[in-house]
Amino acid sequence: MAAALALAVAPGAAAAPQATATATQMRVLGDINFGSSTTYGTGCTYTVQVLVTNAVEPVTLLDNGIPIAVRVPQSGNALFTWIPAVPGPHRLEAVQAPDREPTVAGEVRVGTGTHLGYACVVNGG
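Below: a short report on this structure. Note that the structure is predicted; figures quoted are calculated from it, not measured.

Working definition: an aromatic ring pair is given by the centre-to-centre distance plus the angle between the planes. This structure, assessed with the given rule, holds 3 aromatic pairs. Centre to centre, the rings of Y40 and W82 are 6.4 Å apart; their planes meet at 50 degrees, and the pair counts as tilted. Taken together, the residues span a long stretch of sequence, with Y40 in the loop between β3 (34–35) and β4 (46–52) and W82 in strand β7 (residues 77–82) at a distance of 42 residues. The exposure class of Y40 is buried, given its relative accessible area of 6%.

Here we take up the nonpolar core. In terms of nonpolar packing, the biggest core is built from 22 residues, with M26, V48, V50, F80 and W82 touching the most fellow members. Counting residues per element, the ones that place at least two in this core are β2 (23–29), β4, β5 (59–63), β7, β8 (88–96), β9 (104–110) and β11 (119–123). Here this core gets 4 residues from one element, more than from any other, and that element is β4. Setting aside residues up to four positions removed in sequence, V50 forms contacts with A23, Q25, M26, V59, G76, N77, A78, F80 and A94.

A word on the pattern of salt bridges. Side chains that differ in sign of charge can pair as their charged atoms come close. Counted under the stated rule, the structure contains 2 salt bridges. A salt bridge links R91 to E107; the nearest nitrogen and oxygen atoms lie 2.9 Å apart. Taken together, the residues R91 in strand β8 and E107 in strand β9 connect sequence positions 16 residues apart. A cluster of three or more residues bridged by salt bridges with shared partners is formed by R91, E93 and E107.

With respect to topology, 4 strands assemble into an open sheet ordered β6-β5-β8-β9, the strand pairing being antiparallel. Edge positions in the open sheet fall to β6 (66–71) and β9, since each of these has one partner strand only. Direction aside, neighbouring strands of the sheet carry axes that sit 20 degrees apart on average. Direction of pairing for β5 relative to β6: antiparallel, over a ladder of 5 bridges. Note that in β6 the partner of L61 across the bridge is A69.

The subject of this paragraph is the pairing of β5. Buried residues dominate β5, accounting for 5 of its 5 residues. Connecting β5 to the next strand, β6, in antiparallel fashion are 2 residues, including N64 with a positive phi near 50 degrees.

The next subject is the state of the cysteines. Taken as a whole and assessed by the stated rule, the structure comprises 1 disulfide. What pairs with C44 in a disulfide is C120, and their sulfur atoms sit 2.4 Å apart. Classification of the bridge connecting C44 and C120 rests on its S-S torsion, roughly -105 degrees, and on that basis the disulfide is left-handed. Of the two residues, C44 sits in the loop between β3 and β4 while C120 sits in strand β11, which places them 76 residues apart along the sequence. Of the two residues examined, C44 and C120, each falls in the buried class.

Thresholds, definitions, all that
- Along every chain, residues carry numbers that run from 1 in the direction the sequence is written.
- Residue-level local features of this predicted model are given only where pLDDT is at least 70; pairs of side-chain atoms are given and counted only at 80 or more, and the full residue set underlies all totals for whole chains, interfaces and linings.
- Just so you know, side-chain values use all the structure's heavy atoms and leave hydrogens and water out.
- Aromatic contacts are taken between Phe, Tyr and Trp rings whose centres are within 6.5 Å, Trp giving its six-membered ring; a plane angle under 30 degrees counts as stacked, one over 60 as edge-to-face, and the others as tilted.
- Elements are defined by DSSP. Helices are runs of H or I of four residues or more, strands are runs of E of two residues or more, and each kind is numbered from the N terminus.
- The buried label applies to any residue whose accessible area, calculated with a 1.4 Å probe on protein chains only, is under 20% of its type's maximum; exposed applies above 50%, and partly exposed to all values in between.
- Throughout this description, the term nonpolar core refers to a set of buried Ala, Val, Leu, Ile, Met, Phe, Trp, Tyr and Cys residues connected via side-chain atoms within 4.5 Å.
- Residues are treated as being in contact if the distance between any of their heavy atoms lies within 4.5 Å.
- Between Lys or Arg on one side and Asp or Glu on the other, a salt bridge is scored when a side-chain nitrogen of the former is within 4 Å of a carboxyl oxygen of the latter.
- Strands are treated as partners if at least two bridges between them are detected by DSSP.
- Every axis corresponds to a line fitted to the C-alpha atoms, with the helix fit spanning only the stretch in contact, and the corresponding angles, defined between N-to-C directions, vary from 0 to 180 degrees.
- In what follows, a disulfide is any cysteine sulfur pair within 2.5 Å.

The structure is reproduced here in structure tokens:
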């Protein structure tokens, strides 16, 4: 079972002047992980896709305000691997240089993940 969570433009970002490079949309793909309350679990692997307006400038992914990876986009997409370490609320944000503040963000609830081969079963969240 695949699930995706699309995260919208951060509040206030729509009113900001258009930059030359901007992250415009973010999706967290549930891959083959599943749970009754949430698809997202600790120790489970997820793909985060960030759509951007500039195919050259690096994109930074943040988890609860902490930068976790930087990628150069390919064809307007920056792909990240995200493995949540702790259960609870996570705020994922993305920013593309030269912007200094994230332009896309969203909240994800994370439960406790248990690996079953290539998938994870998620409890709680």
